[in-house]
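# Working through the structure, step by step
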Amino acid sequence: MLDRNSATARLTRQMQSTESAVSDALIQSLSLMHTAAIAQRDIDSDVHDSQAALLRMGKLVDGLLSAQSAAMRVHGQLADIAREVNGPEEPTCPDREFFTTGVAANAS
């Protein structure tokens, strides 16, 4: 059974780990897309096949951006819960305006 401090510490670590994992996946996917675009330009003889792959990579990147926005919203909700139960506030929370005003949802 978790007490308040243990739960807060574990959630903080896991939230940071989750946000980092999503960011790393986004970075790797964009790197893959970059390399694929260069390969399409420089060496691909059948542009139609590689174009389909690039379009799918775009959907992958879009999904990761959505996941990153969802993670920010979860972070904010967990911070709200922590305040409600008098848990310690994490000093590195993202700017609340980003995920409460719809900026993330309207970024695309």
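Described below are features of the structure shown in this document. (Residues numbered from 1 in each chain as written. Predicted model: local features only at pLDDT ≥ 70, side-chain atom pairs only at ≥ 80, totals over all residues. Heavy atoms only, no water.)

## A word on the overall build of the protein chain
Test applied: Note on conventions: DSSP H or I runs of at least 4 residues are helices, E runs of at least 2 residues are strands, and numbering of each starts at the N terminus. Note on exposure labels: buried denotes an accessible area under 20% of the residue type's maximum, exposed denotes more than 50%, and partly exposed covers the range between, all computed with a 1.4 Å probe on protein chains only. Should any heavy atoms of two residues lie within 4.5 Å, those residues are considered in contact. The method behind every accessible area is Shrake-Rupley, applied with a 1.4 Å probe, and residues are considered shielded solely by the protein chains displayed.
Regarding its fold elements, the protein chain presents three helices and zero strands. Traced from its N-terminal end to its C-terminal end, the protein chain shows the element sequence α-α-α. Out of the 108 residues belonging to the protein chain, those deemed buried represent 20%. Restricting the contact set of the protein chain to residue pairs at least 6 apart, pairs at least 24 apart contribute 61%. Accessible surface, the protein chain as shown: approximately 7600 Å² in total, 57% of it carbon and sulfur.

## A closer look at the environment of asparagine 5
With respect to the element layout, asparagine 5 can be found in helix α1 (residues 4-42). Owing to a relative accessible area of 55%, asparagine 5 belongs among the exposed residues under this scheme. Here the alpha-carbon distance between asparagine 5 and alanine 82, two residues 77 residues apart in the chain, equals 10.0 Å.

## Focus: the environment of serine 23
Inspection of the secondary structure puts serine 23 in helix α1. Spatially, the C-alpha atom of serine 23 lies 8.7 Å from that of leucine 65, the residues being 42 residues apart in sequence.

## Some words on the environment of aspartate 3
Formally: Polar contact criterion, stated in full: a pair of N or O atoms within 3.5 Å, where within protein one must be able to donate a hydrogen and the other to accept it, and residues adjacent in sequence count only if both atoms are side-chain atoms.
Residue position: aspartate 3 is located in the segment before α1. Reaching out from aspartate 3, the side chain makes a polar contact with the backbone nitrogen of asparagine 5 at a distance of 3.3 Å.

## Details of the packing of α1 against helix α2 (residues 47-84)
The following threshold applies: Axes here refer to lines fitted to C-alpha atoms; in helices the fit is confined to the stretch in contact. Angles between the N-to-C directions go from 0 to 180 degrees. Oblique is the label for any angle not covered by the other classes, which are roughly parallel (under 35 degrees), roughly antiparallel (over 145) and roughly perpendicular (65 to 115). By definition, turning the near helix anticlockwise from the far helix through less than a right angle yields a left-handed crossing, and turning it clockwise yields a right-handed one.
At a minimum axis distance of 9 Å, the contact between α1 and α2 shows a crossing angle of 165°. Here α1 is positioned roughly antiparallel relative to α2, judged by the angle of their axes. At the point where α1 passes α2, the crossing takes the left-handed sense.

## Description of α2
Rules: What a helix is expected to span follows from its residue count: subtract one and scale by 1.5 Å.
If you check α2, its first and last C-alpha atoms are 55 Å apart, about what 38 residues at 1.5 Å a residue would give, namely 56 Å. Of all the residues in α2, the buried ones are Ser50, Leu54, Met57, Val61, Leu64, Ser69, Ala71, His75, Gly76, Ala79 and Ala82.

Any functional reading would require information that these geometric values do not contain.
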